[in-house]
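# A closer look at the structure
Residues per chain, in single letters:
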Amino acid sequence: MTSDQAIHTHNLKRIHLQRLRQIYRSAGWPCLDTIEIDLIAAGLLERINPEGRPEYLRVSDTGMQVLAESLNTNRAAYDAHEALVRKVAEHQIEQGRIAYLDLTLLSKPGEDWQHSKPDVFSIRKTTSEKYLEPIIFEVKVRRADLLGDLKKSAKHQGYLAAAGQCIYVLAAGIAKPEEIPECCGVMVEEGDRLMTVRAAPRAEPFIPTVSTWMSLAKATPYRSQRFRGEML
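Residues numbered from 1 in each chain as written. Predicted model: local features only at pLDDT ≥ 70, side-chain atom pairs only at ≥ 80, totals over all residues. Heavy atoms only, no water.

## Things to note about the confidence of the model for the protein chain
Taken over all residues, the pLDDT of the protein chain has a mean of 88, while the share at 70 or more is 92%. Overall, residues 227-232 carries pLDDT values under 50, and its contacts beyond four positions in sequence, including any with other chains, amount to 1 contact. (pLDDT = per-residue confidence, 0-100. Contact = heavy atoms within 4.5 Å.)

## Re the pattern of salt bridges
What the rule picks out here adds up to 13 salt bridges. For Arg19, the salt bridge identified is with Asp33, shortest N-O distance 2.9 Å. Of this pair, Arg19 sits in helix 2 (residues 14-25) while Asp33 sits in the loop between helix 2 and helix 3 (34-41), placing them 14 residues apart in sequence. Arg19 gets classed as buried once you look at its relative accessible area, which sits at 12%. According to the relative accessible area criterion, Asp33 is partly exposed, its value standing at 23%. A salt bridge links Arg58 to Glu46, with the shortest nitrogen-to-oxygen separation between them at 3.2 Å. (Salt bridge = Lys/Arg side-chain N within 4 Å of Asp/Glu carboxyl O. Helix = DSSP H or I, 4+ residues; strand = E, 2+ residues; numbered from the N terminus. Buried < 20%, exposed > 50% of the residue type's maximum accessible area, 1.4 Å probe, protein only.)

## What to know about the pairing of strand 8 (residues 166-170)
Within a regular strand, the side chains alternate between the two sheet faces. Of all the 5 residues making up strand 8, 5 are buried; the element is thus mostly covered by neighbouring parts of the structure. By the alternation rule, side chains of strand 8 split into Cys166, Tyr168 and Leu170 and Ile167 and Val169, which are all buried. The pairing of strand 7 (residues 135-140) with strand 8 spans 5 bridges and is parallel. Bridged to Lys140 within strand 8 is Leu170. Note that strand 8 and strand 9 (residues 185-190) share 4 bridges and pair parallel. Each residue of the ladder has a partner; that of Tyr168, found in strand 9, is Val186. (Pairing = 2+ DSSP bridges.)

## As for the packing of helix 2 against helix 4 (residues 61-94)
At a minimum axis separation of 11 Å, helix 2 and helix 4 run at an interaxial angle of 110°. When the axes of helix 2 and helix 4 are compared, the pair comes out roughly perpendicular. Along the contact surface, helix 2 presents Leu17, Leu20, Arg21 and Tyr24, while helix 4 presents Gly63, Met64, Val66, Leu67, Ser70 and Asn74. Considering only residue class, the contact of helix 2 with helix 4 consists of 6 nonpolar, 3 polar and 1 charged. (Axes fitted to C-alpha atoms, helices over the stretch in contact; angles between N-to-C directions. Parallel < 35°, antiparallel > 145°, perpendicular 65-115°, else oblique. Nonpolar A, V, L, I, M, F, W, Y, C, P; charged D, E, K, R; others polar.)

## Re the environment of Leu194
Looking at the secondary structure, you find Leu194 in strand 10 (residues 193-198). Expressed as a C-alpha distance, the spacing of Leu194 and Lys87, which sit 107 residues apart in the sequence, is 8.3 Å.

## Structural notes on unusual backbone geometry
Unusually for a residue other than glycine, Asp102 sits at a positive phi of about 60°. For Asp102, the location among the structural elements is in the loop between strand 3 (97-101) and strand 4 (105-107). Classification of Asp102 by relative accessible area gives exposed; the value is 71%. The residue Glu133 is not glycine, and still its phi comes out positive at about 50°. Tracing the chain through its elements places Glu133 in the loop between strand 6 (120-124) and strand 7.

So, in structure tokens, the structure goes:
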């Protein structure tokens, strides 16, 4: 049984799993709210009443199983996400572009500045600023993560302010292209290939800010793993 199945069986939600993690990492002092009532009723938490000491909560064996299943699910999602991120970076290199991972960019989509951490940032190999065509790629492998992302319009607006173009790269089957804002492009993973379903509206010329140039200057471009394999 997965953690999702276990939570569903007990009519619990993600907030219950978050609380379960918090209690496992803490001293177990009760909050005395409805979330704890649900977790105790489901057998995921136990009430401990030591003599002469205040009552505290402990994660039960069943609760530990749910946490372990959740950890395995998160690890699998992380591995899938990282694999798709690197596939996007490889694709950009094949297109003759320079790709960066783990960048932190500063942009101003509205009145306030904000920091963005795109999955992949790429630029053309050119000495002319107006032909750089910077693109940010946001990778999603789980529908829940995508839907949570789309609720935060400031996030992709920040990407557009930082690069001019933003493309969502989706694992197969997690969403329809029309669910993605029209200001962003859409790519879908199909087997070993990345298919462009909708091109991102072009913003030319787009000149990166001094802050972006500094981020790129301090970063190391992604090196193709395929090329490394051929050299070994």
